[in-house]
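# Breakdown of the fold
Each chain is listed here by its residues.
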Amino acid sequence: MKNLFTKVLLPVIIVLTMGSLNSCKKYLERSPLADISEEDPFKNFVNFQGFTEEFYNCIPLLSLNEAHNSFNLGEDEFWEIGETRLISYQIDNGNYFAWTNSFYNFLGPDGAGASDNTNSANKKHLWGLSWYGIRKANIGLANLDKLTDATQEEKDLIAGQLYFFRGFFHFQVMQYWGGLPYVDQVFPTNEVIKIPRLSYQATADKVAADLKKASELLPLDWEQTLVGARTRGNNNDRINKIMAMGFLAKNYLFAGSPLMNRESTGSSAYNTDYCKKAADVFAQMLQTIESTSRYELAPYAQIRDVFYTWNKQGLVPGLKESIMHENFSGNPTRFRYNQVNDYRPIVIHTTGIKVYPTANYVDYYGMANGLPIVDPERADPESGYDPEYPWRNRDPRFYNDIMIDGERCVNTASSVGNNEFRQYASLFTNGLMRTADGNKRVWTGYMNSKLVAKMMNSYDGSGILDNNTFVLPLMRLSDVYLMYAEATANGYGSPQSTAPGYALSAVEAINKVRSRAGVPGVASKFLGSTTNFMSELRRERAVELAFEGHRFNDLRRWLLLTERPYTYKKAVEFDRALPTNAQVYADPKNARVRNFRETILLERALGQRHYWFPFRLEDVNLYAEFKQNPGW
């Protein structure tokens with residue numbers, strides 16, 4: 001396990017003076033580190049918190065890696081053809097070993113540079129930095145007894161962070177690779193450590209023990225502590241009780257999900273016991289949030305501010321809805337110079353690696369009455385969907401998240417030569433944006449407007465956009481309500497079930513999220529069984545959490561990644577039905593089209609082995625107790 005656990009820098013460098021010093025040597029000739037003892041980094045809160053601060057630099061960074069990144073690995077996005085540097089391209093082709101070497105890849109193994117605050121590329125690697133953080137947490141916990149010059153509050157804050165990060169980083173890795181050897185002590189750096197892999201659920205139990213301790217030690221809000229008074233106004237993203245409870249409950253839900261239950265027990269059903277544990281913690285968490293207003297659902301009119309801000313002097317997005325963010329490295333310029341351009345074709349923005357929402361994913365956005373679209377090519381009298389008017393009366397989140405044919409997509413017409421097919425999205429079959437630019441064309445017929453503005457603000461000739469600040473939430477409140485609904489329905493038996501001590505039922509939790517967006521609740525026809533309810537819950541997660549990095553893990557844990565239609569990536573084709581000589585719709589949402597149909601761009605040929613990533617060969621070949629994942 002030397003490569004796996006110990007090839008990282010020792011977080012604190014302690015120089016011990018060896019031998020005696022010449023009595024005639026001048027004081028100033030002595031090394032400044034000569035008087036540092038082994039206890040100094042841990043003896044008081046300020047020193048120990050300095051040691052602890054580096055954990056925040058190890059939090060995963062999903063949305064940026066070397067100026068771009070592909071962090072949506074499900075059926076949700078289609079990148080330009082042939083861009084082999086993207087981890088999404090490799091996933092589409094079943095090459096999961098590419099996680100070790102793909103250029104645009106948030107999973108990658110190298111954890112070097114965790115302490116380098118100047119290079120965001122060094123904060124991208126979930127694998128390497130997670131193991132780095134685990135070792136660091138163990139070093140901190142092994143030295144807790146040295147924290148003598150501290151109040152009880154200070155001791156609890158340090159211990160709470162250490163336990164949180166040890167559990168959190170194990171959870172980050174196990175989501176993708178399955179059960180792990182749980183590393184809960186400091187091992188020598190010069191020995192091969194033979195720790196057997198645990199099952200997923202056994203690993204989850206270890207994670208749960210650490211996160212439970214963290215939740216008991218950490219405050220609801222650092223602003224309300226004596227320690228937090230020293231950094232008042234800058235404490236919002238310090239690890240707190242709600243974060244610990246949220247990942248404790250999510251850890252239980254994942255352990256109870258079909259994939260993880262199959263890995264541990266052989267059964268592909270939900271594990272009721274783990275779902276109950278998840279529901280109970282989510283219930284306690286939500287009750288605390290609702291009674292204290294520590295976090296709140298953002299008004300839907302401000303939903304963009306959860307993900308990015310523009311022209312607000314670098315204000316960090318999130319509002320009170322974001323519970324925990326991804327790594328903050330480079331957030332003021334993260335989407336400014338490069339990735340922001342990825343979401344529009346070259347006919348608007350001259351740079352970027354192009355990516356667009358798949359048509360089949362856009363189909364999850366149902367109708368304004370809350371009903372799903374059964375078949376996008378056929379009219380449905382019950383929901384009111386009509387393929388001649390495919391964007392009429394849709395879920396309000398559709399209009400926020402998805403750019404459709406005919407919508408205006410640039411602020412300044414002169415910047416695109418006053419060309420209406422550049423100024424307004426020309427996404428119909430044979431439209432300019434569907435035919436120009438070769439591989440960078442809008443292959444799918446839709447563009448993303450959730451992570452970037454519909455009109456790309458201050459476009460200039462080089463493709464640089466000013467004053468965008470982007471940070472992706474790792475967990476936000478709407479996600480918590482949906483996870484509570486899933487855990488409660490599958491743990492306690494029905495959509496109408498509640499967790500003990502909390503009044504909200506599973507279906508009411510979903511409806512709370514829908515109501516925020518102005519969407520009616522789940523229709524009664526989906527409430528007769530948990531199986532029917534789950535079809536709407538899965539669709540709700542697809543819509544509410546679209547393009548936030550959740551879909552791939554959701555499809556995996558539900559054992560749907562290899563099943564049609566989830567293997568498809570589709571495009572939409574249609575002709576405009578405009579009055580003679582007209583080029584622009586008067587109202588794109590209510591536009592009439594002809595020959596509306598969907599075509600398959602790609603079907604991913606994935607098998608059972610693709611539910612888990614393979615471990616590196618140099619790790620699994622170290623000793624027999626460390627097993628490779630099946631099929632690899």
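For the structure itself, look to the data block above.
Described in the following lines is the structure provided in the data block. Please read all numbers here as calculations on a predicted model, not as lab measurements.

## Description of empty space enclosed by the protein
For the structure shown, the criterion picks out seven cavities of 30 Å³ or more. In this structure, the largest cavity encloses a volume near 220 Å³. If you trace the largest cavity, you find 19 residues lining it, with Gln 175, Lys 250, Gly 549, His 550 and Asn 553 closest to the centre. Elements supplying a minimum of two residues to the lining of the largest cavity: α5 (152-177), α7 (241-256), β8 (473-476) and α17 (551-557). Take the lining of the largest cavity: its biggest share by element is four residues, from α5. In terms of residue class, the lining of the largest cavity is built from 10 nonpolar, five polar and four charged.

## A look at the side chain of Glu 83
For Glu 83, the position within the fold is in the loop between β1 (77-79) and α3 (87-92). You can call Glu 83 buried: its relative accessible area is 9%. At a separation of 2.8 Å, a polar atom in the side chain of Glu 83 contacts the side chain of Arg 85. Those residues in contact with Glu 83 that lie beyond four places of it in its chain are Tyr 89 and Ile 353.

## What about helix α4 (residues 126-142)?
The end-to-end C-alpha separation of α4 is 24 Å, in line with the 24 Å expected for 17 residues at 1.5 Å each. The buried fraction of α4 is high, at 16 of 17 residues.

## Considerations on the nonpolar core
By size, the foremost hydrophobic cluster in this structure holds 174 residues, and its most contacted members are Phe 164 and Trp 177. A total of 14 residues in this core trace back to one element, the largest contributor, which is α5. In this view, Trp 177 contacts Trp 99, Leu 107, Leu 126, Trp 127, Arg 197, Trp 612, Phe 613, Pro 614, Phe 615 and Asn 629; residues no more than four positions away in its chain are not counted. Counting residues in each nonpolar core, the second largest holds 13 residues, with Val 347, Val 416, Met 433 and Val 442 among its members.

## Comments concerning the environment of Gly 330
Along the chain, Gly 330 turns up in the loop between β3 (322-325) and β4 (355-357). You can call Gly 330 partly exposed: its relative accessible area is 31%. Taking the C-alpha atoms as reference, Gly 330 lies 9.1 Å from Phe 470; in sequence the two are 140 residues apart.

## As for the side chain of Asn 261
Along the chain, Asn 261 turns up in helix α8 (residues 258-265). Only 2.9 Å separates the side chain of Asn 261 from the side chain of Gln 201, close enough to count as a polar contact. At a separation of 2.9 Å, a polar atom in the side chain of Asn 261 contacts the main-chain carbonyl oxygen of Ala 269. When neighbours within four sequence positions are excluded, Asn 261 is seen to be in contact with Gln 201, Ala 255, Gly 256, Gly 266, Ser 267, Ala 269, Tyr 270 and Asn 271.

## Digging into unusual backbone geometry
Here the residue pair Arg 564 and Pro 565 is connected by a cis peptide bond, since its omega of 5° sits within 30 degrees of zero. Along the chain, the position of Pro 565 falls in the loop between α17 and β9 (568-576). Positive phi, close to 50°, is recorded for Leu 319, a residue that is not glycine. Mapped onto the elements of the fold, Leu 319 is located in the loop between β2 (308-310) and β3. With phi around 55°, Asn 393 is a residue other than glycine that occupies positive phi space. With respect to the secondary-structure elements, Asn 393 resides in the loop between α10 (359-362) and α11 (396-401).

## Observations regarding the packing of aromatic side chains
Under the definition given, this model contains 42 aromatic pairs. Taking 4.7 Å as the distance between ring centres and 25° as the angle between the ring planes, the aromatic pair formed by Tyr 96 and Phe 613 counts as stacked. One end of the pair, Tyr 96, is in the loop between α3 and α4; the other, Phe 613, is in the loop between β10 (593-603) and α18 (617-620), and 517 residues separate them in sequence. Note on accessibility: Tyr 96 and Phe 613 belong to one class, buried. Taken together, a centroid distance of 4.9 Å and an interplanar angle of 70° make the contact between Phe 615 and Phe 626 edge-to-face. Here Phe 626 lies in the segment after α18 and Phe 615 lies in the loop between β10 and α18, a separation of 11 residues in the sequence.

## Considering the packing of α4 against α5
Interhelical geometry of α4 versus α5 gives an angle of 150° and a closest axis separation of 8 Å. Taken together, the axes of α4 and α5 are roughly antiparallel relative to one another. You can see that α4 and α5 cross each other, and the crossing is left-handed. Every residue of α5 that contacts α4 at Leu 126, Trp 127, Ser 130, Trp 131, Gly 133, Ile 134, Ala 137, Asn 138, Gly 140 and Leu 141 is listed here: Leu 162, Tyr 163, Arg 166, Phe 169, His 170, Gln 172, Val 173, Tyr 176 and Trp 177. Looking at the contact of α4 with α5, its residues break down into 12 nonpolar, six polar and one charged.

## Description of the packing of helix α15 (residues 506-516) against helix α16 (residues 530-544)
Running from N to C, α15 and α16 cross one another at 30°; their axes reach a closest spacing of 11 Å. Considered as vectors, α15 and α16 are oriented roughly parallel to each other. Regarding α15 and α16, the two cross each other, and that crossing is left-handed. Counted together, Ala 506, Val 507, Ile 510, Val 513, Arg 514 and Arg 516 of α15 and Phe 533, Glu 536, Leu 537, Arg 539, Glu 540 and Glu 544 of α16 form the full contact between these two elements.

Criteria and thresholds
Residues numbered from 1 in each chain as written. Predicted model: local features only at pLDDT ≥ 70, side-chain atom pairs only at ≥ 80, totals over all residues. Heavy atoms only, no water. 1 Å grid on protein atoms, 1.4 Å probe; cavity = no way out; pocket = protein on both sides within 12 Å on 5 of 7 lines; lining within 4 Å. Points joined across faces, edges and corners; volume = space filled by probe spheres on them. Helix = DSSP H or I, 4+ residues; strand = E, 2+ residues; numbered from the N terminus. Nonpolar A, V, L, I, M, F, W, Y, C, P; charged D, E, K, R; others polar. Buried < 20%, exposed > 50% of the residue type's maximum accessible area, 1.4 Å probe, protein only. Polar contact = N/O pair within 3.5 Å; in protein donor to acceptor, adjacent residues only side chain to side chain. Contact = heavy atoms within 4.5 Å. Expected span 1.5 Å × (residues − 1). Core = buried A, V, L, I, M, F, W, Y, C linked by side-chain atoms within 4.5 Å. Phe/Tyr/Trp six-rings, centres within 6.5 Å; stacked < 30°, edge-to-face > 60°. Axes fitted to C-alpha atoms, helices over the stretch in contact; angles between N-to-C directions. Parallel < 35°, antiparallel > 145°, perpendicular 65-115°, else oblique. Left-handed = near helix turned anticlockwise from the far one by under 90°.

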